[in-house]
Amino acid sequence: MNGPSLKIFSLLFGLVYLVVFYMEWAIFRYYPETQTFYLKNHPDNGPAILWYGWLAAAAIVSAAAALVVPRRLAERIPNEWIWEISLVLIVAMFIYEKQWFF
Amino acid sequence: MITVLLIVHGLMAVTLLGAITHQAFSVAAPAPGRRSFFARFRQVNAAAYARPIVVLFVLTALCGGLLYPRYRIDVRTTLEDLQLRAANGVFEIKEHLVALGLGLLPGYWLLWQAPPSTEGARSRRYVTWLLAFVVWWGFLVGHVLNNIKGLLP
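Below: a short report on this structure. Not measured: the values here are computed from a predicted model.

**Comments concerning the overall build of chain A**
Scanning chain A for helices and strands turns up 4 helices and 2 strands. In terms of C-alpha radius of gyration, chain A reaches 16 Å, well past the compact-globule figure of 13 Å for 102 residues. By its C-alpha atoms, chain A is 50 × 35 × 15 Å across when sized along the principal axes. Each of the 102 residues in chain A was classed as buried or not, and the buried ones make up 47%. Taking as baseline every contact in chain A between residues at least 6 positions apart, the subset at least 24 positions apart corresponds to 63%. The average position of the 7 basic charges and that of the 7 acidic charges among the side chains of chain A differ by 13 Å.

**Concerning helix H1 (residues 3-23) of chain A**
Residues and elements named next belong to chain A. Here H1 is 21 residues long and its end C-alpha atoms lie 31 Å apart, about the 30 Å a rise of 1.5 Å per residue gives. At Leu12, H1 shows its maximal bend, which comes to roughly 25°. A large share of H1 lies buried, amounting to 16 of its 21 residues. Two residues or fewer after H1 comes Glu24, characterised by a positive phi angle close to 55°.

**Here's the deal with the side chain of B:Ser26**
Residue and element names in this part refer to chain B. On the secondary structure map, Ser26 appears in helix H1 (residues 2-26). One polar contact links the side chain of Ser26 to the main-chain carbonyl oxygen of Gln23, over a distance of 2.8 Å. Setting aside its immediate chain neighbours within four residues, Ser26 contacts Arg42, Val44 and Ala46.

**Details of the packing of aromatic side chains**
According to the stated counting rule, one finds 23 aromatic pairs over all chains in the structure shown. When the centroid spacing of 5.6 Å and the interplanar angle of 75° are considered together, the rings of A:Tyr22 and A:Tyr96 count as edge-to-face. Here the residue A:Tyr22 occupies a position in helix H1, and A:Tyr96 occupies one in helix H4 (residues 80-97), the gap between them amounting to 74 residues. When the ring of B:Tyr71 is compared with that of B:Phe91, the centres are 3.9 Å apart and the planes differ by 25°; the resulting orientation is stacked. Placement of B:Tyr71 in helix H3 (residues 46-81) and of B:Phe91 in helix H4 (residues 85-113) is noted, with a sequence separation of 20 residues between them. Judged by its relative accessible area of 13%, B:Phe91 falls in the buried class.

Calculation criteria
For every chain, the first residue of its written sequence is number 1, and the numbers climb from 1 along that sequence. Key to labels: chains lettered from A, ligands numbered from 1, both in the order written. Residues qualify for local features only when their pLDDT is at least 70, as the model is predicted, and side-chain atom pairs are given and counted only at 80 or more; totals for whole chains, interfaces and linings, by contrast, use all residues. Neither water nor hydrogens contribute to the side-chain values; these are computed over all heavy atoms in the structure. Secondary structure counts use DSSP, requiring at least four H or I residues in a row for a helix and at least two E residues in a row for a strand, with both numbered from the N terminus. Atoms counted for the radius of gyration: C-alpha only. Globule rule: 2.2 Å times the number of residues to the power 0.38. Buried means the residue's accessible area, taken with a 1.4 Å probe over protein chains only, is under 20% of the maximum for its type, while exposed means over 50%, and partly exposed covers the values in between. Residues count as neighbours in contact if any of their non-hydrogen atoms are within 4.5 Å of one another. Under this rule, positive means Lys or Arg and negative means Asp or Glu; His and the chain ends count for nothing. Every charge is mapped onto a representative atom, which is NZ of Lys, CZ of Arg, CG of Asp or CD of Glu. Every helix has an expected span of 1.5 Å times one less than the residues it contains. Fitting axes to the seven residues ending at a residue and to the seven starting there, one defines the bend at that residue as the angle between these axes. Think of a polar contact as two N or O atoms within 3.5 Å of one another; within protein, one of them needs to be a possible hydrogen donor and the other a possible acceptor, and neighboring residues in sequence only count if both atoms come from side chains. Centre distance within 6.5 Å is the pairing criterion for rings of Phe, Tyr and Trp, where only the six-membered ring of Trp is used; planes under 30 degrees apart are then read as stacked, over 60 as edge-to-face, and the remainder as tilted.

Written out as structure tokens, the structure reads:
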């Protein structure tokens, strides 16, 4: 992956991660009690970990997009967007997760 | 085995915390001329920290990911039994922040590869601060939750 592709990856990863988290679209689930992976929900196996599936989904989508987006287009995207979009995503995540505290 | 992994995770987190804090302070403002402790703390070769920070962040997150199943079974259920919703909440936030931090790393790496005097300095500073926030949150939450039984009355 070249420089501009890394920028695309960083711009998309957080966005995709929060979308799949919000929608609970894990591409797989891990059940620690039975130490098994499943593509679908298996509540009989105890609590599931979706985090790995969210990370994998975000990594796959962002890497694919980073490879597909033309270099010229990626170079035109300002570096400022990396921290600006990340900051917006972090604030949005905090707003959503405030449900734990109130 | 899980205890060894937890200690390794903690040690890597401490190292990462030190590195990112040095770098975050160094990009805050030019170090003053006088040679105080804080001036020396900030006056590091910040660019040299970028590669170790990327490596340490990935390794620490990987280690945390390996510990996570045990946390999910033992700690989280205990927190739920004790109705400590806020404790569960801060860990949920840690989980998301680490994920967002992992996604931020390629951009962070890219910005630190550019010459230090370019127009990317502003982005470099803010990305470093965001990453520092992620690391500090992860460290403090991990530390408190690891010791929460001893902290409760």
